[in-house]
Amino acid sequence: MTRSIIDHAEQAAEGTRMRQFLEIDRRGGVHPAVDALVRRPAERSEAKVREFLRIDREEARRDE
(Lines give C-alpha, C1' and ligand atoms only; values in the text may rest on other atoms or scores of the structure.)
Protein backbone atom coordinates (compact mmCIF):
# COMPACT_ATOMS: atom_id res chain seq x y z
CA MET A 1 0.00 0.00 0.00
CA THR A 2 1.32 3.48 -0.82
CA ARG A 3 1.31 6.41 1.54
CA SER A 4 -0.96 9.36 1.02
CA ILE A 5 0.47 12.85 0.50
CA ILE A 6 -0.09 13.89 4.10
CA ASP A 7 1.72 10.83 5.48
CA HIS A 8 5.12 11.99 4.26
CA ALA A 9 7.37 13.34 6.99
CA GLU A 10 9.15 15.98 4.92
CA GLN A 11 8.05 18.49 2.37
CA ALA A 12 11.08 19.57 0.38
CA ALA A 13 9.34 22.41 -1.46
CA GLU A 14 8.49 24.33 1.74
CA GLY A 15 12.09 24.81 2.84
CA THR A 16 13.27 26.12 -0.51
CA ARG A 17 10.24 28.33 -0.89
CA MET A 18 10.78 29.87 2.54
CA ARG A 19 14.47 30.38 1.78
CA GLN A 20 13.60 32.19 -1.44
CA PHE A 21 11.10 34.48 0.27
CA LEU A 22 13.62 35.34 2.97
CA GLU A 23 16.30 36.08 0.39
CA ILE A 24 13.97 38.42 -1.47
CA ASP A 25 13.10 40.16 1.79
CA ARG A 26 16.77 40.55 2.77
CA ARG A 27 17.59 42.08 -0.59
CA GLY A 28 14.89 44.69 0.04
CA GLY A 29 16.97 46.32 2.76
CA VAL A 30 15.99 47.52 6.22
CA HIS A 31 12.30 48.06 6.89
CA PRO A 32 11.44 51.77 7.40
CA ALA A 33 9.96 51.06 10.85
CA VAL A 34 13.20 49.45 12.02
CA ASP A 35 15.19 52.38 10.66
CA ALA A 36 12.94 54.84 12.52
CA LEU A 37 13.38 52.95 15.79
CA VAL A 38 17.16 52.89 15.41
CA ARG A 39 17.27 56.62 14.73
CA ARG A 40 15.03 57.50 17.69
CA PRO A 41 16.82 59.82 20.10
CA ALA A 42 18.05 58.25 23.33
CA GLU A 43 16.81 61.16 25.42
CA ARG A 44 13.24 60.04 24.96
CA SER A 45 13.83 56.72 26.70
CA GLU A 46 15.91 58.38 29.41
CA ALA A 47 13.02 60.73 30.18
CA LYS A 48 10.67 57.79 30.61
CA VAL A 49 13.08 56.09 33.00
CA ARG A 50 13.40 59.26 35.05
CA GLU A 51 9.61 59.55 35.25
CA PHE A 52 9.21 55.92 36.34
CA LEU A 53 11.87 56.39 39.02
CA ARG A 54 10.14 59.53 40.29
CA ILE A 55 6.84 57.67 40.57
CA ASP A 56 8.54 54.75 42.30
CA ARG A 57 10.19 57.08 44.83
CA GLU A 58 6.86 58.78 45.60
CA GLU A 59 5.19 55.40 46.18
CA ALA A 60 8.05 54.32 48.45
CA ARG A 61 7.62 57.48 50.55
CA ARG A 62 3.88 56.82 50.91
CA ASP A 63 4.56 53.27 52.11
CA GLU A 64 6.86 54.47 54.94
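Below you will find a few notes about this structure.

About the criteria used
Think of each chain on its own: its residues are numbered from 1, step by step along the sequence as written. Two thresholds apply to this predicted model, a pLDDT of at least 70 for residue-level local features and 80 or more for giving and counting side-chain atom pairs, whereas whole-chain, interface and lining totals are computed over all residues. The side-chain quantities take in all heavy atoms of the structure and omit both hydrogens and water. Only DSSP runs of H or I reaching four residues or more are called helices, and only runs of E reaching two or more are called strands; each is numbered from the N terminus. All accessible areas in this document rest on Shrake-Rupley with a 1.4 Å probe, and a residue is counted as covered only by the protein chains that are shown. The salt bridge criterion pairs a side-chain nitrogen of Lys or Arg with a carboxyl oxygen of Asp or Glu, the two atoms within 4 Å.

1. Some remarks on the overall build of the protein
Consideration 1: Scanning the protein from N- to C-terminus turns up 3 helices and 0 strands.
Consideration 2: Shown N-terminal to C-terminal, the secondary structure of the protein runs as helices and strands in the order α-α-α.
Consideration 3: Approximately 6,800 Å² of the protein is accessible, and the part contributed by carbon and sulfur atoms is 55%.

2. Section: the pattern of salt bridges
Consideration 1: Scanning the entire structure with this criterion turns up 5 salt bridges.
Consideration 2: Ionic pairing is found between Asp-35 and Arg-39, a salt bridge with its closest N-O pair at 3.0 Å. With a gap of 4 residues between them, Asp-35 and Arg-39 both fall in helix H2 (residues 32-39), about one helical turn apart.
Consideration 3: A salt bridge links Glu-51 to Arg-54; the shortest N-O distance between them is 2.3 Å.

Shape is all these values report; function is a separate question.
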